[in-house]
Amino acid sequence: MTLDQQIAKRRTFGIISHPDAGKTTLTEKLLLFGGAIQKAGAVKSSKIKDHARSDWMEIEKQRGISVATSVMGFNYKNIKINLLDTPGHQDFAEDTYRTLTAVDSVIMVIDCVKGVEIQTEKLMEVCRMRNTPVICFINKLDREGRDPFELLDEVEEKLSIKVRPLSWPINMGKNFKGVYNLYEKSLHLFTGSKQTVQEGLEIKDINDTELDRLVGDTNAKQLRADVELIEGVYPDFDVNEYLEGKVAPVFFGSAVNNFGVKELLDSFIRLAPPPIPRATTLRIVKPDENKFTGFIFKIHANMDPKHRNRIAFLRVCSGKFERGANYTHVRQEKGIRFSNATAFMAQDRETVDEAWPGDIVGLFDTGNLKIGDTLTEGEKLMYTGIPSFSPEIFKEVINMDAMKTKQLEKGLLQLMEEGVAQLFSYELGNRKVVGVVGQLQFEVIQFRLKNEYGATVQFQSQNLYKACWISSKDPKKLQEFIDSKQRHMARDKDDKLVFMAESRAWLQMVQDNFPDISFHFTSEFK
Ligand code: G4P
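The rules behind the values
All residue numbers refer to positions counted from 1 along the written sequence of the respective chain. Two thresholds apply to this predicted model, a pLDDT of at least 70 for residue-level local features and 80 or more for giving and counting side-chain atom pairs, whereas whole-chain, interface and lining totals are computed over all residues. In computing side-chain properties, one takes all heavy atoms of the structure into account and sets aside hydrogens as well as water. We count a stretch as a helix when DSSP gives it H or I for four or more residues in a row; a strand needs E for two or more, and each element gets its number in order from the N terminus. Burial classes follow relative accessibility: with a 1.4 Å probe on protein chains only, a residue under 20% of its type's maximum area counts as buried, one over 50% as exposed, and anything between as partly exposed. Two residues form a contact once any of their heavy atoms are found within 4.5 Å. We get accessible surface area from the Shrake-Rupley algorithm with a probe of 1.4 Å; when it comes to residues, only the shown protein chains can shield them. Between rings of Phe, Tyr and Trp, where Trp is taken as its six-membered ring, a pair exists when centres lie within 6.5 Å; planes separated by under 30 degrees are stacked, by over 60 edge-to-face, and by other angles tilted. Put simply, buried Ala, Val, Leu, Ile, Met, Phe, Trp, Tyr and Cys residues joined by side-chain atoms within 4.5 Å make one nonpolar core. Working definition: residue near molecule or strand if any one of its non-hydrogen atoms lies within 4 Å of it. Between N or O atoms, a polar contact is any pair within 3.5 Å; within protein, one atom must be a potential hydrogen donor and the other a potential acceptor, and residues adjacent in sequence are included only when both atoms are from side chains. Residues are sorted three ways: Asp, Glu, Lys and Arg are charged, Ala, Val, Leu, Ile, Met, Phe, Trp, Tyr, Cys and Pro are nonpolar, and all the rest, Gly among them, are polar. Angles run from 0 to 180 degrees between N-to-C directions of axes, and those axes are lines fitted to C-alpha atoms, restricted for helices to the stretch in contact. Here is the rule for angles: anything less than 35 degrees is roughly parallel, anything more than 145 is roughly antiparallel, 65 through 115 is roughly perpendicular, and the remaining ranges are oblique. Helix crossings get a hand from a simple test, with the near helix turned counterclockwise from the far one by less than a right angle marking a left-handed crossing and a clockwise turn marking a right-handed one. Two strands are said to pair when DSSP picks up at least two bridges between them. Expected span of a helix, by definition, is 1.5 Å for each gap between consecutive residues, and there is one gap fewer than residues.

Peer 1: Teacher, can you tell me more about the overall build of the protein here?
Peer 2: In terms of helices and strands, the protein carries 14 helices and 31 strands. In the protein, buried positions account for 56% of the 526 residues. Relative to all contacts within the protein whose residues are 6 or more apart in sequence, the contacts with residues 24 or more apart total 72%. By element, 47% of the accessible surface of the protein is carried by carbon and sulfur atoms, the whole surface being about 22,900 Å².

Peer 1: What is the right way to read the packing of aromatic side chains from this model?
Peer 2: Aromatic ring pairs are described here by two measures, namely the spacing of the ring centres and the angle between the planes. Applying the stated rule across the entire model yields 21 aromatic pairs. With a centroid separation of 4.4 Å and 45 degrees between ring planes, the pair formed by Phe-13 and Phe-268 is classed as tilted. Placement of the pair is Phe-13 in strand β1 (residues 10–17) and Phe-268 in helix α10 (residues 261–271), with a sequence separation of 255 residues. Judged by relative accessible area, Phe-13 falls into the buried class, the value being 1%. Centre to centre, the rings of Phe-292 and Tyr-327 are 4.4 Å apart; their planes meet at 45 degrees, and the pair counts as tilted. In this pair, Phe-292 sits in the loop between β13 (284–285) and β14 (293–301) while Tyr-327 sits in strand β17 (residues 326–329), placing the two residues 35 residues apart along the sequence.

Peer 1: Just to check I follow, could you spell out the nonpolar core for this structure?
Peer 2: Nonpolar side chains in soluble globular proteins tend to be buried together. Within the largest apolar cluster, 82 residues are counted, with the highest numbers of intra-cluster contacts made by Phe-321 and Leu-363. Sort the elements by how many residues they give to this core and strand β15 (residues 310–318) lands first, with 6 residues. Beyond its immediate sequence surroundings of up to four residues, Phe-321 is in contact with Phe-292, Leu-314, Val-316, Tyr-327, Ala-341, Asp-353, Glu-354, Ala-355, Val-361 and Leu-363. Counting 29 residues, the second-largest nonpolar core is a separate cluster that includes Met-72, Ile-135, Phe-251 and Val-261.

Peer 1: What's the story with the site of the ligand in this structure? I'm lost.
Peer 2: Close to the ligand lie 17 residues, the nearest being Asp-20, Lys-23, Thr-24, Thr-25 and Ser-254. Between the ligand and Thr-25, the relevant distance is 2.5 Å, taken from an oxygen atom to a side-chain nitrogen or oxygen of the residue. Protein chains bury 65% of the 700 Å² of accessible surface belonging to the ligand in isolation. Broken down by element, the shell around the ligand gets its largest block of residues, 3 residues, from helix α2 (residues 23–33). Of the residues belonging to the shell around the ligand, the class tally is 4 nonpolar, 7 polar and 6 charged.

Peer 1: Whenever I open this one, the packing of helix α11 (residues 405–417) against helix α12 (residues 440–453) confuses me. Can you help?
Peer 2: Interhelical geometry of α11 versus α12 gives an angle of 125 degrees and a closest axis separation of 10 Å. Judged by the angle between their axes, α11 and α12 are oblique. Pair α11 / α12 crosses with right-handed handedness. Facing Gln-407, Leu-408, Lys-410, Gly-411, Leu-412, Gln-414, Leu-415 and Met-416 of α11, the residues of α12 in contact are Ile-445, Arg-448, Leu-449 and Tyr-453.

Peer 1: Looking at this structure, how should I read α2?
Peer 2: Counting along an α-helix, one turn takes 3.6 residues, and residues three or four places apart therefore face a common direction. Every buried residue of α2 is accounted for by Lys-23, Leu-26, Thr-27, Glu-28, Lys-29, Leu-30 and Leu-31. Against the buried residues of α2 lie β1, β2 (71–76), β3 (79–84), β4 (105–111), β5 (134–139) and α10. At the exit of α2 stands Gly-35, carrying a positive phi of roughly 70 degrees.

Peer 1: Got a minute to help me understand the sheet that holds strand β10 (residues 201–202) in this structure?
Peer 2: The 4 strands lie next to each other as β7-β8-β9-β10, forming an open sheet whose pairing is antiparallel. With partners counted over all chains shown, the strands left at the sheet margins are β7 (167–170) and β10, one partner each. When β7 meets strand β8 (residues 178–181), the two strands line up antiparallel, connected through 4 bridges. When the bridges of β8 are listed, Pro-169 appears paired with Val-179. Sheet strands in contact with helix α8 (residues 217–233) are β7 and β8, and its direction is about 150 degrees off that of β7.

Peer 1: Can you help me understand the side chain of Thr-99 in this one?
Peer 2: Among the structural elements, Thr-99 can be located in helix α4 (residues 93–99). Apart from the residues within four sequence positions on either side, Thr-99 is in contact with Leu-84, Asp-85, Thr-86 and Phe-297.

Peer 1: What am I meant to see in the pairing of strand β18 (residues 334–337) here?
Peer 2: In the case of a regular strand, side chains alternate between the two sheet surfaces. Looking at chain direction, β17 and β18 are connected through 4 bridges and run antiparallel. Directly across from Tyr-327, in β18, lies its bridge partner Ile-336. Here β17 folds back onto β18 in antiparallel fashion, the turn holding 4 residues, of which Glu-333 has a positive phi close to 50 degrees.

Peer 1: Looking at this model, I keep getting lost on helix α6 (residues 148–159). Mind explaining?
Peer 2: Counted at 1.5 Å a residue, the expected span for α6 with its 12 residues is 16 Å, and the 16 Å between its end C-alpha atoms agrees. What α6 keeps buried is the set Pro-148, Phe-149, Leu-151, Leu-152, Glu-154, Val-155 and Leu-159. Positive phi appears at Ser-160, one or two residues downstream of α6, with a value of about 50 degrees.

Peer 1: Sorry if this is basic, but what is going on with the sheet that holds β5 here?
Peer 2: Whether parallel or antiparallel, the strands of a sheet pair through hydrogen bonds between backbone atoms. Spatial ordering of the open sheet is given by β2-β3-β1-β4-β5-β11-β6, a layout of 7 strands whose pairing is mixed. What marks the edges here is a single partner per strand, and that holds for β2 and β6 (162–165). With strand direction ignored, the average angle separating the axes of adjacent strands in the sheet is 30 degrees. Here β1 pairs with β4 via 5 bridges, running parallel. Counted as the bridge partner of Gly-14 is Val-106 from β4. Against the sheet, α2 engages β1, β2, β3, β4 and β5, with an angle of about 155 degrees to β1.

Geometry only, nothing functional implied.
So this is what it looks like as C-alpha cells:
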C-alpha cells in the first residue's frame, strides 16, 4: 500500500466527556463493532474512582490499566481507527489536554440529563485552540433527559461551537422510540435494552404514514414539527465547517444499549479527517511527505519500580516510521534508534516494524525523551501546539530527608518529564513549587517519589493563583518587568520565565501597571 493509501485509511481520535457521561461505555461499544473485543465488560475503565483517593495500590493498578488502554487500535470497514484514551478523572486533566494534541478529531459525549458539564467545557477549550473537528454524541436517551433543543442551545452557548443535528430523538426515557437520521432519512427504532443492532428503516418522506404506525401518532407529529424547526433554524450541514472546527454534527443515542453507536461510527469514518498537516517551528508538515516525523505526547513509567524504563508515546505525523532506523532527536541534537517499538491494537501490545501517519507507537525509553520532543530524519523542526497549561493548585516541595536530596531531584525531574505535574523553580532562593490541576496528583507524586526513588517529601500550600508565561514586543520593558518582580519569577521545565501571580485581583493590577507585558495561561502563544 502506498503512503497516500495508508493515510487515507486512518482516523486518529479521542473521546472527551465529563466523568460518568458514558465515555468508557461508548469506547467499549466502538471496540465491539471493530471486532477488537468479543464481549461487553472487557474494557476496564481507566478512570480512577473516588474510593481510590486513599488507596495507592489501586491508583498504581489503574495506572497500569491505563497504559494498556491508552491507545486502542481497531479496523472497521477497512479503516484503521486509533482511539486515544483520556483519563476521566479531572485531577489528571492535563494528561488529557496533551493527548488531545495527538488526535485529528474528537467525539464529545454529553449526558442528556446533565447537559454540558464543567470538564467538557475545559476540554472543549483545548479543542478550540487547535480547531479540532468535534462530533457530539448525546447519550442516555433511555433516561428522562432535557429537551433536545435546549441541550443544543446549551452546547452552542457554553462550548462556543455551532451545532447541526444529523439525527433526532423521538421522545426519551420510558417513551424513547428511537432516532430519525436526518441525513440518511431513515428511522432507527429503539426496542429496549441490550438490543442487537438493526439497520435503519428507510423513511424518505417524513409525512409517510408508516412513521405514525411505527412510533405512534403523537410521536410522529412531534417529530415532523421538530424536523421542520431544525430545518428552519439550522443551516445545512457543511462538512468543511466541521473540518475547520466550526460546526459540530450531533447524534443522539444510548451507549449502554448500543443504540445509535453504529450510526455514530459509520458517520465518523465518513466525516472525520484522516491525519492532518501539523505546525512545526519551521513549517507545516504534511502527512504524505516521504520523510518520517513525529512527536512525543505522553510518557508513562513502567510499573516495575526496579526498572525505570518508560514508554514514550509517539504520534507519527509524516512518512513511514521504521523500527531500528536511525532518527534525529531534535532537542538533543543527536541520533536515536529504537529496536523496541510497540503498536497498540485493541488491548494487545505487539512489536511493530513500521507505522504510518496517524499511528501511535510506544517506544521504550530510558530517559532520553520528554513530552513535546520531535523525532525526524534529520530536519531540525519541532512540532508546536503541545503547550503546558497553567496549573490550578500550587505547593512548595519540602524535602524531609536531606540524605536523599539527589534522589528527590532525579525523581522530581523524571516525574515532571512524564507530565505528572509541573515544576516551577524560583529565580531567587532554592524554592521549587509543584503545580497541578487536581489535588490527587500531589498524592501520586508523594507516593511515587517514596516508592520509586526513596525520597520523602511534604507539600506546603502556596498562595498562588496562576503561572503566567510572559511576553512583550519591547525587550527592554520585559526586562524591567522581570527586574521589578524578581521575587515572583520562576522557570518552567523548558527554562522559560514564568510570573507566579498570587491572586486574580493582584494579577489584574499588575496587568494594569504593565500594559506592555502580555500574560499567558499557556506556554505557547502567538
Ligand atoms: P465515563 O467513562 O464517561 O465516566 O462513563 P461510563 O461509561 O463509565 O458510564 C457511567 C455510567 O453511565 C455507567 O453506570 C454506565 O453504565 C452508564 N451509562 C452509559 N451509557 C448509558 C446510557 O445510554 N443509558 C444509561 N441509562 N446509562 C448509561 P454505572 O452505574 O456508574 O456503572 P456500571 O455499574 O453500569 O458499569
